[in-house]
Amino acid sequence: MAVHGNTAESEPKVLHLAGESLEELSTLHDFFDNLAGEAGWTGRLANEFKLCCEELVTNTISYGYAESHAAKGIKIAVYGLPHVVTMEITDQATPFNPFETGEPDLTLDVENRPIGGLGVYFVKQMMDEIFYERTEPPGNRLILRKFLLQNLEENP
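S.K.: I keep staring at the nonpolar core and nothing clicks. Help me out?
M.R.: Soluble globular proteins tend to bury their nonpolar side chains together. By size, the foremost hydrophobic cluster in this structure holds 34 residues, and its most contacted members are Phe 32, Trp 41, Ile 76 and Met 87. Contributing elements (two or more residues each) for this core: strand S1 (13-17), helix H1 (25-39), helix H2 (43-64), strand S2 (74-80), strand S3 (84-91), helix H3 (118-126) and strand S5 (139-147). Sort the elements by how many residues they give to this core and H2 lands first, with eight residues. Those residues within four positions of Ile 76 in sequence are excluded, and the remaining contacts are Lys 13, Val 14, Leu 15, Leu 17, Leu 28, Phe 31, Phe 32, Cys 53, Val 57, Met 87, Glu 88 and Ile 89.

S.K.: Looking at this structure, how should I read the side chain of Lys 146?
M.R.: With respect to the helices and strands, Lys 146 occurs in strand S5. For Lys 146, a relative accessible area of 7% puts it in the buried group. Engagement of the side chain of Lys 146 in a polar contact is seen with the side chain of Glu 48, the distance being 3.0 Å. Only 2.5 Å separates the side chain of Lys 146 from the backbone oxygen of Met 126, close enough to count as a polar contact.

S.K.: Help me out: how do you make sense of the pairing of S5 in this one?
M.R.: Side chains on a regular strand alternate between the two faces of the sheet. Bridge count for S3 against S5 is eight bridges, and the pairing is antiparallel. By the bridge assignment, Ile 89 is partnered in S5 with Leu 142. Relative to S5, strand S4 (residues 129-135) runs antiparallel, the two being bridged by seven bridges. Opposite Glu 133, over in S5, you have Arg 141 as the bridge partner. The antiparallel pairing of S4 with S5 creates a hairpin that spans three residues between the two strands.

S.K.: I would appreciate a short explanation of the packing of aromatic side chains in the present structure.
M.R.: For any two aromatic rings, the description comes down to two numbers: the centre-to-centre distance and the angle of the planes. All chains considered together, the criterion is met by three aromatic pairs. Geometrically, the ring pair formed by Trp 41 and Phe 49 is stacked, given 5.3 Å between the ring centres and 25° between the ring planes. We note that Trp 41, like Phe 49, is buried.

Cut-offs and rules
Residues numbered from 1 in each chain as written. Predicted model: local features only at pLDDT ≥ 70, side-chain atom pairs only at ≥ 80, totals over all residues. Heavy atoms only, no water. Core = buried A, V, L, I, M, F, W, Y, C linked by side-chain atoms within 4.5 Å. Buried < 20%, exposed > 50% of the residue type's maximum accessible area, 1.4 Å probe, protein only. Helix = DSSP H or I, 4+ residues; strand = E, 2+ residues; numbered from the N terminus. Contact = heavy atoms within 4.5 Å. Polar contact = N/O pair within 3.5 Å; in protein donor to acceptor, adjacent residues only side chain to side chain. Pairing = 2+ DSSP bridges. Phe/Tyr/Trp six-rings, centres within 6.5 Å; stacked < 30°, edge-to-face > 60°.

Without other data, these values stay purely geometric and don't point to any function.
Dropping the structure here:
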């Protein structure tokens, strides 16, 4: 996928996960490593997408499908434009908008901090735009965007 060049949106690179186990994260890592190599992403950009996707997929497998009897599955589609990369994650898990959760209290010591929320906080910090949509049949669509101008300047 080219991250610069023409202005037409590229065909997405797509990964389908069964959504059954956290062992699938190794497949996700391989997907982003290959994508980063093809696209010429900086190491930082590749790691940001990998970490964000890992956090959201982990939450879906661990919580969204934990008590759901729906057919499982997670689709990750990555689109490249000249100066923007968009990642779309869709599933049929219990509808939940992770971006509505409150900000974690970063002033608390680790021992006193409640479990949860820190990963989504990091996703919000790393991505430039984030969107949530509830889907039908019941499920979720998360859209994350990263503008590449600063990344292209680091690695022309």
